[in-house]
Amino acid sequence: MISKLQKLFHFFDIHLKISTAGRPFQNAEAETDPYKIPTKHNMRMALYWLVQGCQPGDSLVFHYSGHGSRQRNYNGDEVDGYDETLCPLDFETQGMIVDDEINASIVRPLPHGVRLHAIIDACHSGTVLDLPFLCRMDR
């Protein structure tokens, strides 16, 4: 994914923020750099980093491959009664990142004219951005 963003869309290293869980194919720096470990704090900071300083005409890419889940919704904004979540490495102690927070951090702050491309490979990710749209596949 990184090489495609760089080759096809001319993203530079300074435009990319990468978190890894220390997979064997990653380099040693990725495994030991505490800012690249996908903890809840680091993932939140990466979400905020993504939208900082964006301007009309910018194209942002949010890519997440990892665990997703859902938890009971307590504010009544979910039709099915559940919030979709992303599961950071430390979710058992720090909690999951809820769709409401994702929307508040990378969707709502976008100025008019900024495009956000979200590629999310996780369970329960269909509405993890909490967008006000409904896709009907039967049409």
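Quick notes on the rules
Residues numbered from 1 in each chain as written. Predicted model: local features only at pLDDT ≥ 70, side-chain atom pairs only at ≥ 80, totals over all residues. Heavy atoms only, no water. 1 Å grid on protein atoms, 1.4 Å probe; cavity = no way out; pocket = protein on both sides within 12 Å on 5 of 7 lines; lining within 4 Å. Points joined across faces, edges and corners; volume = space filled by probe spheres on them. Nonpolar A, V, L, I, M, F, W, Y, C, P; charged D, E, K, R; others polar. Helix = DSSP H or I, 4+ residues; strand = E, 2+ residues; numbered from the N terminus. Buried < 20%, exposed > 50% of the residue type's maximum accessible area, 1.4 Å probe, protein only. Polar contact = N/O pair within 3.5 Å; in protein donor to acceptor, adjacent residues only side chain to side chain. Contact = heavy atoms within 4.5 Å. Axes fitted to C-alpha atoms, helices over the stretch in contact; angles between N-to-C directions. Parallel < 35°, antiparallel > 145°, perpendicular 65-115°, else oblique.

### A short note on the layout of surface pockets
Argument step 1. The volume enclosed by the second largest pocket comes to roughly 360 Å³.
Argument step 2. Considering the residues around the second largest pocket, the lining is formed by 15 residues, among which Gly126, Thr127, Asp130, Leu131 and Phe133 are closest to the centre.
Argument step 3. Of the residues assigned to the lining of the second largest pocket, the class counts are 8 nonpolar, 3 polar and 4 charged.

### Concerning unusual backbone geometry
Argument step 1. Positive phi is not limited to glycine here, since histidine 124 has a value of about 60°.
Argument step 2. Phi at aspartate 130 is positive, roughly 55°, even though this residue is not glycine.
Argument step 3. Along the chain, aspartate 130 falls in the segment after strand 5 (115–121).

### Let's talk about the side chain of asparagine 73
Argument step 1. Within the secondary structure, asparagine 73 is located in the loop between strand 2 (68–72) and strand 3 (82–86).
Argument step 2. By relative accessible area, which is 9% here, asparagine 73 ends up buried.
Argument step 3. Within the structure, asparagine 73 has its side chain in polar contact with the backbone nitrogen of glycine 76 (distance 2.8 Å).
Argument step 4. In contact with asparagine 73, not counting residues within four places along its chain, are Glu78, Gly81, Tyr82, Asp83 and Asp100.

### Side note on the packing of helix 3 (residues 40–51) against helix 5 (residues 99–107)
Argument step 1. Where helix 3 meets helix 5, the axes come as close as 8 Å, and the angle between the chain directions of the two elements is 30°. By the angle between their directions, the pair helix 3 and helix 5 is classed as roughly parallel. Where helix 3 approaches helix 5, its residues Arg44, Leu47, Tyr48, Leu50 and Val51 are matched on the opposing element by Glu101, Ile102, Ser105 and Ile106.
Argument step 2. Class assignment for the residues of the contact of helix 3 with helix 5 results in 6 nonpolar, 1 polar and 2 charged.

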